[in-house]
Amino acid sequence: HMKLFVSEGNPHCLKVLAVLKLTGVKCDVQHVNHEEKVVPHLSRPTLPALLLPSGMHLFSANSICRYLGEVSGQPSSDLNNQWLEWEASELQPAVAQALHLAVLQGKGSEASSALQGQLSYLEQSLCKKTTPFLTAEIVSVADVVLWAALYPILSDHGLVLGDQGKVQNWFERVGMLAACESAAQEVLQGKGLKSEALKAYMQKQPAPPHSQAQKRDNQPCNSPEVADGDRVMSEEEILSATVTWAKGLADRPMISDRQHPILPKEGKRNILVTSALPYVNNVPHLGNIIGCVLSADVYARYGRLRGWNVLYVCGTDEYGTATENKAREEGLTPQQICDKYHTVHASIYQWFQVDFDYFGRTTTEKQTQIAQNIFWRLHERGFLLEDTVEQLRCEMCQRFLADRFVEGTCPFCAYPEARGDQCDKCGKLINAVELQEPKCKVCNQTPVVRSSKHLFLDLPKLEAPLEQWLEKSMGSGDWTANAKQITRSWLRDGLKPRCITRDLKWGTPVPHPDFSDKVFYVWFDAPIGYLSITANYTDQWEKWWKNPEQVELYNFMAKDNVPFHSVVFPCSLLGAQDNYSLVNHLVATEYLNYEDTKFSKSRGVGVFGDMAKDTGIPSDVWRFYLLYLRPEGQDSAFSWADMAIKNNSELLNNLGNFINRAGMFVSKFFENCVPAMDLQPEDKRLLALVGWELKQYISLMDKVKIRDSLKCILNISRLGNQYIQVNEPWKKIKGGDTDRQRAGTVTGVSVNIACLLSVMLLPYMPTVCQTIREQLNAPPTVTATMLQGTGNFVCCLPAGHHIGVVSPLFQKLEADQIEDLKKRFGGQQVSTMVVRIYSTWPLIRPFPHQGEKVRALKGQKAEKAVIAVEVDKLLDLKKQLALAEGKNQEPDQTKGTKNTQHAPSPATTAQAVINKADPERAKELTLAVAEQVRWGAEAEN
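Source: prediction; values computed, not measured.

K.L.:
Whenever I open this one, the nonpolar core confuses me. Can you help?
P.N.:
The nonpolar side chains of soluble globular proteins are, as a tendency, buried together. Membership of the largest hydrophobic core comes to 188 residues, with the highest contact counts inside it found for I374, W622, W640, Y697 and Y764. Setting aside its immediate chain neighbours within four residues, W640 contacts Y594, E595, V607, T615, I617, W622, I818, L821, K822 and F825. The next biggest cluster of nonpolar side chains, apart from the first, holds 70 residues, and it includes V141, V144, A184 and L193.

Next comes the structure, spelled out in structure tokens:
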């Protein structure tokens, strides 16, 4: 049986009581005095507290609320957890400050100001939502926790809080719940700020750090956000942390530079990291980057810091219809397109500091050799079938349509934009001919069904060994929840033979003589790229890929790639029966959207990889923000406003503020030399808290919880900021010997925490990490020591250590700068091509009719003279179009003439109109005109 201890007037107790009433969990409630100790091992009173049936206590209000939600059968979603974290780290310090000002000092106007930033953020978030509550259509634990935190302030109509209409409406909706009304009455008599119980509670609380020094002129830099340092550490934990600190840097060898080729080593943890091969035919956007290469890069960097033997390979996926079409669009051969865009991809990833050991490509001889070898092994062992299949063929484009170039309505869930191989909404596999109302994505025409003979991978025959392997891999490895769910859904529906050949030219040729006119289907061929890319890196590639006893394989990808890595590719390798290394850890993200829509190159919506460096924002800041909102549990959205908030609050005011202050104190007060440190109980407790966060960081990173690990870094810098703010070394340095000694201890501990942060930051922000280490003159062995085992926070910069020159790490993102970027990447701009097409539309319209006429005459083998007349008409149309676009095909007769006035081109005239056009309309227009131009061009040829 559970028991909840609460006290009257305590706003934190309002949270847990409201959630308890909302969830209906059976639990005794006992009201106690503020100062009553109910948790035996704590040195001070802590309320609320929940006594569990096991005899353990929970004494963090948000943890209690989350626990009650889960016990009631409402598991805490990722978004719910994000809001709870924001409430604890950002909202709660501001609320504490506001309550102190309003309740104890009677400064209502200042209380309003203290909350403006947080309320504005909440207002912006609510404005973007289509649901009445923070996470869904129904109220969640996060709604109740935030409502309770804000209740004393927002229920007082005497405070002027600005234009926060969305917040006020949401607050009233949550407050109407019977559970919330009842809890507010029970804890605060429903009186908010005017509650005598609240005043009595506040009088017993220490003043928030911000209010200890309202005049900040003497402070060396901006006040930081207040950290939630309420975690209670036991005496044993504090003692252990102090002993670890005193050990200093271990006599360990430095992490050695990589020696290529990297090969598996006996007695080492050998980690092979791959990220899904990006299609070569387009420029990756931010969602592509975070879903694959950046996430894998962070983990590979972390693995190297841990002393593991890591090989990280990736490359461009270059075969298939998409490449053929792109080549046709740009007037190049497929190989030229691959060469061009491979360079583009490599340049983008280099700017984002993605540290591949080898970045290759699939259009190589090694790819052909390995793919054909696997094919023949499958064929010899009876895992391939022959069958005649019906396919969709576009008569307009004169070719069979690859899966990704046909869309229609899903036969299972009626989603209108299902692809020819899979529905993105329900996740089910689809044969393209099963689509309802199919359309060719190139020309938007309805394709017809035609027959063709193909080879299939006999997945039903491989289902038993696949399930046996999956049970072992999922049970022992770190598969993300979505990867497990998607894989199980495939197996639950029963596996079916999967076609592995395609009627294309550009691909790995099928070596079977009966199918010599075909190539391998890209999803049979592309994952083999991991093997061939490694083979191009080292001739000893089989030591990685045919060595499952020694090698751990990590695959990083977005969720749409999961089935091919968890079912199709493993079946190919299992069927080949050649001791291949199969994936141990399948790490899949959800999708990253852009603001409240999807990335779209054609509509100019979103930031693509080649654009990020043109924003003037450093790549480390891009890496930080993308990893901060990495879509681990559900889809997330890039937001310019949120990026500015995270940069200015987390990087500038939290992380950068702390590291800069720590270093500046050493420079300014101690002549660039780390002072002696005489640890007091408060310092030792801080060591324990920082050590705990370090252990959490390692535990989470080991499990590939990349986003959650980043929060540990920010928590440490918050603890450091609070430590500095409370101890005020800039004041104590001016006092007597005792105060000066205290200033030295605080400075020394702080600069050592900054050095630890440089180690933890390296996987996320490599350039910033290197800058910090240079500024602190950090010893090279610091990494090997700090990240050994479960983590060791040691004194790595002892008394007497000389640091370098300290300077700020981050710059503020200004509101006008962010607004300009938002407009620039928000689809407001329209490409020159669209403007040109729109303005010359009347001249383009005759193209299809005239083109069809020429095509028909050629098909009927008409006389050349007759055909020539119609071709001349087509060429005349082309000439008129060129003139309309300002391309004078006649020799320039005005050369050398001064002051020649040119009439504005139709494109210029149309600029204002097209800029106001709806992006979807612009997209439709572009596609339609592209179709007309292609008709004309093909007819002319």
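K.L.:
Mind showing me how you'd approach a negative patch on the surface here?
P.N.:
A cluster of acidic residues, E814, D816, E819 and D820, forms a negative patch on the protein surface. Topologically, D820 is positioned in helix α29 (residues 815-824).

K.L.:
Looking at this structure, how should I read the sheet that holds strand β4 (residues 57-58)?
P.N.:
Sheet strands pair by backbone hydrogen bonding; their relative direction is either parallel or antiparallel. Strand order in the open sheet formed by four strands is β2-β1-β3-β4, with mixed pairing between adjacent strands. Taken across any chain shown, the strands that pair with only one partner, and hence form the sheet edges, are β2 (28-31) and β4. With four bridges joining them, strand β1 (residues 3-6) and β2 adopt parallel strand pairing. Paired with V6 across the strands is H31, a residue of β2. Contacting β1, β3 (49-51) and β4, helix α2 (residues 61-71) crosses the sheet at an angle of about 45° to β3.

K.L.:
Would you explain the pairing of strand β10 (residues 406-409) in this entry?
P.N.:
Each regular strand displays side chains that alternate between the two surfaces of the sheet. Bridge analysis of β10 against strand β12 (residues 436-440) gives three bridges, and the strand direction is antiparallel. In the sheet register, E407 faces β12, and the bridge partner there is K439.

K.L.:
How should the pattern of salt bridges be read in this particular structure?
P.N.:
Opposite charge on two side chains allows them to pair when their charged atoms are near. As enumerated under the stated definition, the model contains 35 salt bridges in all. The partner of R306 in a salt bridge is D702, and the shortest N-O contact between them spans 3.1 Å. Here R306, found in the loop between α10 (286-305) and β6 (309-316), pairs with D702, found in helix α23 (residues 681-702); they are 396 residues apart in sequence, far enough to count as distant. Assessed through its relative accessible area of 14%, R306 is described here as buried. The salt bridge partner of E330 is K326, with a shortest N-O separation of 3.8 Å. Here K326 and E330 lie together in helix α11 (residues 321-330), a separation of four residues that amounts to about one turn. Judged by its relative accessible area of 28%, E330 is partly exposed. Three or more residues are tied together by salt bridges with common partners; here these are R258, R304, D355 and D357.

K.L.:
What is the right way to read the confidence of the model for the protein from this model?
P.N.:
Parts of the prediction with low pLDDT should not have their coordinates interpreted in detail. Confidence in the prediction for the protein averages 85 pLDDT; 86% of positions are at 70 or higher. Here residues 210-229 is modelled with pLDDT under 50, and outside its nearest four sequence neighbours on either side it reaches 50 contacts, counting other chains as well. pLDDT under 50 marks residues 885-941. Its contacts with residues more than four places away, or in other chains, come to 67 contacts.

Definitions and cut-offs
Residues numbered from 1 in each chain as written. Predicted model: local features only at pLDDT ≥ 70, side-chain atom pairs only at ≥ 80, totals over all residues. Heavy atoms only, no water. Core = buried A, V, L, I, M, F, W, Y, C linked by side-chain atoms within 4.5 Å. Buried < 20%, exposed > 50% of the residue type's maximum accessible area, 1.4 Å probe, protein only. Contact = heavy atoms within 4.5 Å. Patch = residues over 30% accessible without salt bridge, like charges linked within 9 Å, V, L, I, M, F, W, Y side chains within 5 Å. Areas by Shrake-Rupley, 256 points an atom, 1.4 Å probe, with all protein chains shown as cover. Salt bridge = Lys/Arg side-chain N within 4 Å of Asp/Glu carboxyl O. Lys, Arg positive; Asp, Glu negative; His and termini not counted. Charge placed at Lys NZ, Arg CZ, Asp CG, Glu CD. Helix = DSSP H or I, 4+ residues; strand = E, 2+ residues; numbered from the N terminus. Pairing = 2+ DSSP bridges. Axes fitted to C-alpha atoms, helices over the stretch in contact; angles between N-to-C directions. pLDDT = per-residue confidence, 0-100.

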